Structures are given as structure tokens and as C-alpha cells.
Amino acid sequence: MEVSIGDVVMPGDTVKDITTITKKETIILGPGLRREADTVYAYKAGVLKKTEPAVYYVDSYQKRYVPNRGEHVVGIVTQKGGDIFKVDIGASEQASLSYLAFEGATKKNRPDIQVGDLVFAKLLVASKDMEPELVCVDSHGKEKKLGILSSEGMLFTCSLSLIRKILNHNSPLFNMLARNQAFEVAAGMNGRVWVKARTIQETIAIATAILAAEYAPLSDIKKLCSDIEKTLLLTQSGNMD
Amino acid sequence: MKEVLLTNCEKNFVNKSVEQGTRLDGRSLLEARNVKIYFASNWGSCMVLLGQTRVVAQVTCDIQQPKTSRPNEGMLHINVELNPMAAQHFDSGRQSEISILISRQLEKCYQDSKCIDLESLCIIADKKVWNLRVDINVINHDGNLIDCASIATLAALSHFHRPDVTSNGEDIIVHPFSEKDPLPLTLYHYPVCVSFITFESGSTVMDPTYLEERVGVAQLTLGINSYRELCSLHFNYLTKTMTVEDVISAVSNYATNYAVQLVQQIKEAVNYDVEARYKKDDRNTNRFKECIMTKKLTTMNSECISIKLRKWSEIENIESDVDMEKKEEETENCTIIKPGIGSAELIPNTNISFGEGGPNTWNMSESSEEEISDVEITTVIKKKENKTIENIELNGDSEEENIEILETKDLMHSYKIPMPINK
Amino acid sequence: MDMSEETPQSEYILRPMNCELNQLSMPDGSAMLMQGNTAVIAGIYGPVEAKLQKMIYDKASVEVSYSPIKGPTKVDDRMTEMYIKETCEAAIIVTFHPATAICINVQELEDSGGMLACTINAACLALINAGIPMKFTIAAINCMIQKDSEDIILDPDNIQLQEAKAEFTFAFDSMDKNVICCYTTGCFTETEFLKTMDRCKQASQYVFDFYRNLVKKYANVI
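Residues numbered from 1 in each chain as written. Chains lettered and ligands numbered in written order. Predicted model: local features only at pLDDT ≥ 70, side-chain atom pairs only at ≥ 80, totals over all residues. Heavy atoms only, no water.

As recorded by an unreviewed UniProt entry, chain B carries the name Exosome complex component RRP45 and is attributed to Frieseomelitta varia. The Sequence similarities (unreviewed entry) field of the UniProt record for chain B holds the comment "Belongs to the RNase PH family." (UniProt positions renumbered as here; feature names shortened; annotations may be inferred.)

Chain A is annotated in an unreviewed UniProt entry as Exosome complex component RRP40 of Frieseomelitta varia. UniProt lists a comment for chain A under the heading Sequence similarities (unreviewed entry), and it reads "Belongs to the RRP40 family."

Set out below in C-alpha cells:
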């Protein structure tokens, strides 16, 4: 079946808009689309979208992470050995993270990471044929926001589509929550989110807000945040009594 | 696949929150999740949801020779399978430690406690008895598999009805359900298992989730029946690093109250379903269909899908019986069907857009794997009408594509094809 | 939701289909499908790390596990697993995830006729839910030829199947409606075979539309 931008596509549908473009500009086929000879087929079920100038992709629902270069992920350190850490990022293979890929790390000065710790890292190498590699520094050697996540927070998993939704610039979720709550959050593109707030209840509340945003359309997010705040206030005042 | 490693972060957080008396899903420490029971359309089959943990149980019976040590008792066998879809680290085939543990728990609770009247399952002493088999399949693992499995076992056993048997001297006649009403099992008492997990700080929670089970230090499972009697007990340390104080006396009261309430809920659900079955009233029952909630975003329900094909009866009168012949009819039907899309012929709930690409792709069907059979048919056709000779070439030839274009143009003169036929 | 009355042309009716995606929290994709009273639940993990013996260096290895509701797995169940595996391998683009495994697990909940077709449909829905790359979607239809009247009945239930002379299950792809899988029992002539195949092909369009409508429902929100 032929589909166009904004339609819901199923695997096997051909996209007719792309094939008719004969201009010289390069067309980029994002996730969900593949090319076979002259036709473009969708291989995932979702909504066909386009971003300017000529990037086409299918926005689909997914839970399992497939590594992509340049994405920020939350990983769990599973092994320490040799010169690298083995980090579980929720993909089919474990990623490797070198000791030296941290700010200020030298051979003598190793980072203090134990098995079971969380790291927020960036994928340097990620292809279907190779083991993924992570780094905790950017190209200037600065840590910025990457590195170890403290054990004081809470980790939970959600779907990849939710992560993309909340990390979108247009999403009001974090802004609304941040108005009345103080919290730190690290959202990895692999579906793992680490949250830390002042108290246990607040942390749980923020995690619930993020998970509830999955099914909430944009218009309901404001209401969602205010509901969460109200419940928090009630429980806090209850505790103080 | 291996289990995902438990992070220090999660461990700390769960321990701290339990110390403060909160749990991640908002329950209080000694509160259990909601239990939902759904029944299938046959006797003795049910699916139990304990929060997100999901277990399916099926009770079946057959006639076998009894054990020599117990010649006038029936047999009960409980088998637990952890389906690999329940969790990433479950392997199919091998009996893992967890499945043996659950099997043993359930055996203690249901077999060793003699909750079923096995003597009533005897048909001819020493020769033929009913052998009950309970198969439990765990479909989703979100903690507390033992409780969920025990609820499923109890519901399935209470729901199960066995065929009626009459004996006339030597032979026994097993009556099918249509002849004689099936009989329920006799249960002396109704036990369920209630599980607790104790943490480092000493606090105990009831009905743990997957994460809480992994963080916990000790596990306690009590099998309690509706008469407040203890049927089975299992205590286990999950780590080797510490010991906990007396958990049993602390929670036994809560456990008993909860068990009594739970058995009441199960009995009600079973009775309601059994009555509905006898009255043949399907309206308010909890069948699998209700498990698929109609209002959710990710569900799709459709009524009986009726397919047009009115003209099939006319086609069958045609002697040649060739597929291509039928296609001619069908393509003519297309012009009739298309307006039919919005018509009342199709039930409104379904979204049937029949005409889309349907007839076009049929021409390709002959190029499917059935080439061998196509060849056979062509020989048959040749013996019949001349009209179909063109079709024969189509069927047997691998260069169908060229010919097919001709075909469709011939057939579908008035029908506009929205998409290109061939690649 | 009532079952509709049997019309005089009852052979042209598919049983009501109900489906829910993403019901299970642990698998990457899951689907519970009911066709009439036949119910099946499928759960998929993938792409995940493959065991060394089963790892194929340039493709994803598809592993299927089918669990019946009664008793341990038998040889028939292994045959069902093989049918599901071959059908799904035709649809999944295995070269996208080399050296990984895609584990398809199907649990039978109730068998009221048409089990193989129901499992293939459920597996396809679960694959869609898991976001596994697929070349096309698959629809499987079950049908039978009645003993005395020689009628072709689509999607028969257990009671109708007792009068069957032959039973067929066909699986079609969504692009060209080619036959991907064919399972038959009983005796039939070639013309009967082609006739039933054509009817099933027509009926498969409804199953594809069902899938599409299901995805349409949630795709814009999630």
C-alpha cells in the first residue's frame, strides 16, 4: 500500500512521495525506512514523518534499544577488567567503556566505579557489526553532563518513544515539573531514566509523572504535573502531622 | 540471556524507601496487588493477573492406573512451566531452580495438605482412577510467582468439572459433556500461598514486585486456607550475608486475614462463572475476552467479519472451475464491491476497505510457490474449454508478467487500478 | 460486544478478532489475540544476545518457542514452532541485526479451532509491537472443506472442524499476497486447493486491515 507523510505505515508499505523527487538534494532516510532499487519501503509500523529539509523517518513504538552513534545512554557497569568497563546499555551486546574516557583520568588515576554503578555516557561507535563503545567525555576532554550517576537516585525503564517525547524541545513536561520541584534527571536514549530529588516521595512522584506522560497528549501534561504536585503536598503534610 | 544486573542505585533506593514505609508503586508495606481472574470457555482453565504478574493454569484429567501404595485414590500432578516470555533470563526446556521451587511449594500446599478429595476420583479400585494434571504457565514475571501460581491453581481446581462416569460391571462409560453434566471436584479446604520479603533494615513487605524480590534478603511463603490453618511454610535466605529477626510471628496475622479474603474472592469469581455457564448467560462473565479491555488505546476489537463473496455461488456453477475464470468474475465484482464499502452489508465496527489493491495483486498469486500445482492444473484446463487457453500460459509460465498486463487490461476495462501492477 | 448471528452464507464469515498489544510488561513486544474463542498470547524479545551455538554472524537468528496449555510440549508443538519460525523468518529483515537473536514465544491459551493461523497472526502483531524490522506483515487464515456438502468454510471453530474433510492454513504477505506458509490436513483435489487458497487470500485482506487499524489507533498518541 502506498502512504504519504503523516500516514500510519505498516511494514511493506511503499512511500510514494520520496520516489517522485528528482531534484539534486540528498534525501535522508531515517529509522523505519529502507530503499530497495527505486522504491522506498517502510519496515516498521508507525507514523511517517518528515523534518526539513529532506529527512524522512517512521516514528514507531519500541522498547528494546538498538545502539546509534552519538546518543546519550544510561548504562549499568557489569564488569571491570583490563583497561575497560563492560557496560550494559540494554542492547543486544554489552558496550565497552575505557578507563581513560573520563575527565582527568590517567593510567595512575583511575575513575572510582564499581560493578553495579550507573554511568551516563555517549556512544562513540555503534554499528550493527561492531561492539558499541562509550565515552564519558566530549571531544574536548570535558565531562560536561556525562559520567557517574550517584547511587542516591532511582532508576527505571520506559519505552524509547517516551524518551524521545520528553527530550523533545517542545515537550513541557520537565519545565512544568521544574517549577515546583527540585530534581536531577538523566534520561538515556536506551529507555532508562535516572531521577534524584530531595526525598523519596518526591523521587517517586517525578518518576510517576514521567511514566504517566506516555499516554498523555500534550494538552494533558500540564494537568498531570499539577496533579502530581497536589498529591505530593498532601502526602508531605500527612507525614508532618 | 542473563538477567540485567541489579544496580546499587536501585538497591539503595528500595531499601531506603521501605525503611520509610513507602513502596515504589504506592502500596503500604503489607498491602497486596489487585488480583484479576479470567476464565476460558472450557472447564478448569484460567488466567490470573497479580498486578503485572500473569499466570495461566489448566486442569485436565485422564484415566490411569492408581499407585500401588494408594489403590483407591486418584492422583494429582502439578507442573509449573516458566515460559521464556515471562522474563529475559528464563530458558525454555531446562527446569530452572525457580520453577522447581514453585512446583514444590504448590505440591506442599495442594497435594500434601490433602485439599482435594482424591478418593472420590476412584472409578475402579486398583485399576482405574482419575489422574488430574494441573499445568501452570507463567507468562509475565513481575514478582511473586508463587502467590500468583497458587491463586491460579486454586481457581482452576475449583472451576474444573470432570466427566461423569458410570460402570456396568466390567466396563466403564465416560459420558461426554453433552450427555451428562460434568461434576466438580470436591475440595476439603481452599489453601492459597502468601509471600513476604524481608529487607536489610528488617522491614517486611507482602506481595513483592520483581525489583523488591531482587533487593530482599529473606523470603517467606505461607500456605494458609480459609479456616485459618497453616498448610505449608517455606523460609529462605536470598543472600548469605545476614540473618533477620522473627518474621513469621510478625506477619502471620496479616497473612491469615489476607488469605481468607483472597479465598473468598476466588470462590466468588469461580461460582459466578460456573453459574453463568450453567445458565448459558455470557453477558457479565470474566472470560479472556474481557482481559482485552475494549477502551484501551492498544486494543482492537472487531465483530464477526463478513466477507462479501456473494457471487461465489454463481461461480461454482461454471464448469471450468479455473481460478482465472473466477478472477474475471471477481474483478467484475469489484465494481460492485467498491460502493459496498460504506454499505450496510458490512458491520459498521469493522474497517473493511476491501477494494484497495485487492484485485490487482491477485494476478501475482499465480507466481507464488504453488508453481508445481499450477502446472498440474493447466493440463486439466486444456481438456476443458478453449476459452481458458490464455490462462494456461499464465499459470504455468514464469514469464507471466507480460501476459498478465494484457489480462488485466482485458478484464478490468472499466476499473481503474490505483497502483502499478508490476515492479 | 455480541457475536453476530450466523447468516445463511456463514462460510464467508471470519470469527470476531480481538487483540491487545503490549499487555505484558517484560517482553519487548507482546500481543494477545483472540479469534472467536481461540486465544493466544505472544511475547518477543529482540534483538538480544544470541547463544554462541546459535549465533549466525551475518543474520539474526530467529528462535521460536510454542507452549501448549495442556501438558508438556510434544512433537506437534515443535512442528508448529517450525511453521512459525519459517513464516517469521520470511518477514523479518534478518540482516539488520547480525549476530543477535530474536526470540518469539507463543503461549496457547485456548484452542477452539484455527490454532496455527492464530499463532502466526499473534506472532506478527507482537513483531510489529516490538519494532522488529519486517519486509511485510503476515496474515494467516484457516479454512476447511466440509465432508458432505463440500462447502468451504473460513475460520471454522472446533465444532465445525469435526465435520471437516480437509483443513487448510495459509499465510500471506501484505505486499503481493503471496503464500508464505501452507499447512494442510486431509484429502482434497487440486481445484479445491486453489479455490480455498483464493478465498483465504481475499479474507487475508481483512486481517491486514485489522492490523492497520490497530496501529492507527495508538500510533499518534504513543
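There's plenty left to go through after this.
**Student:** Mind showing me how you'd approach the pattern of salt bridges here?
**Tutor:** Should the charged atoms of two oppositely charged side chains come close, the side chains can pair. Summed over all chains, the structure comprises 30 salt bridges over all chains. Taking the shortest distance from any N to any O, the salt bridge between Asp112 of chain B and Arg104 of chain B comes out at 3.7 Å. Asp112 of chain B sits in the partly exposed class, given a relative accessible area of 48%. With a relative accessible area of 40%, Arg104 of chain B lands in the partly exposed category. Across the pair Lys165 of chain C and Glu192 of chain C runs a salt bridge whose closest N-O atoms are separated by 3.2 Å. Linking Lys165 of chain C in strand E9 (residues 164–173) with Glu192 of chain C in helix H4 (residues 190–219), this pair joins segments that are 27 residues apart in sequence. In this structure Lys165 of chain C comes out as partly exposed when scored by relative accessible area, which is 24%. Members of the salt-bridge network, linked through shared partners, are Asp25, Arg27, Arg33, Asp142 and Asp207 of chain B. (Salt bridge = Lys/Arg side-chain N within 4 Å of Asp/Glu carboxyl O. Buried < 20%, exposed > 50% of the residue type's maximum accessible area, 1.4 Å probe, protein only. Helix = DSSP H or I, 4+ residues; strand = E, 2+ residues; numbered from the N terminus.)

**Student:** Mind showing me how you'd approach the packing of aromatic side chains here?
**Tutor:** The geometry of an aromatic ring pair is captured by the separation of the ring centres together with the interplanar angle, meaning the angle of the planes. Residues and elements named next belong to chain A. Tallied over the full model, the rule gives 14 aromatic pairs over all chains. Ring centres of Phe85 and Phe102 lie 6.3 Å apart, and the angle between their planes is 90°; on these two criteria the pair is classed as edge-to-face. Of this pair, Phe85 sits in strand E10 (residues 84–88) while Phe102 sits in the loop between strand E11 (95–98) and strand E12 (118–125), and the two are 17 residues apart along the sequence. Taken individually, Phe85 and Phe102 each receive the classification buried, so the pair is uniform in this respect. Between Phe174 and Phe183 the ring centres are 6.3 Å apart and the planes differ by 45°, which places this aromatic pair in the tilted class. One Lys or Arg, Arg110, reaches over the ring of Tyr99 and ends 4.4 Å from the middle of that ring. (Phe/Tyr/Trp six-rings, centres within 6.5 Å; stacked < 30°, edge-to-face > 60°. Lys NZ or Arg CZ within 6 Å of the ring centre and 35° of its normal.)

**Student:** I would appreciate a short explanation of the domain arrangement of chain A in the present structure.
**Tutor:** It is common to give the size of an interface as the accessible area lost on bringing the parts into contact. Residue and element names in this part refer to chain A. The domain boundaries assigned to chain A delineate domain 1 (2–60), domain 2 (72–149) and domain 3 (154–240). Domain 2 and domain 3 are separated by 26 Å when their C-alpha centres are compared. The interface of domain 2 with domain 3 comprises 11 residues on the first partner and 8 residues on the second. Considering only the side of domain 2, the residues that lose the most area to domain 3 are Val74, Leu118 and Leu149, jointly responsible for 51% of the buried surface there. The partner of Asp88 in a salt bridge is Arg192, with the nearest N and O atoms 3.4 Å apart. Elements with a minimum of two residues in the side of domain 2 that touches domain 3: strand E9 (72–81) and E12. Looking at the side of domain 2 that touches domain 3 element by element, the count peaks at 5 residues for E9. (Domains from an automatic or database assignment. Contact = heavy atoms within 4.5 Å. Buried area = accessible area lost by both parts, 1.4 Å probe.)

**Student:** Please clarify how the UniProt feature "domain: Exoribonuclease phosphorolytic" (unreviewed entry) in chain B should be interpreted in this entry.
**Tutor:** Within this structure's numbering, the places UniProt gives as "domain: Exoribonuclease phosphorolytic" (unreviewed entry) are residues 32–163 and 189–250 of chain B. Helix makes up 15% of residues 189–250 of chain B and strand 44%, whereas the separation of the span's terminal C-alpha atoms amounts to 25 Å.

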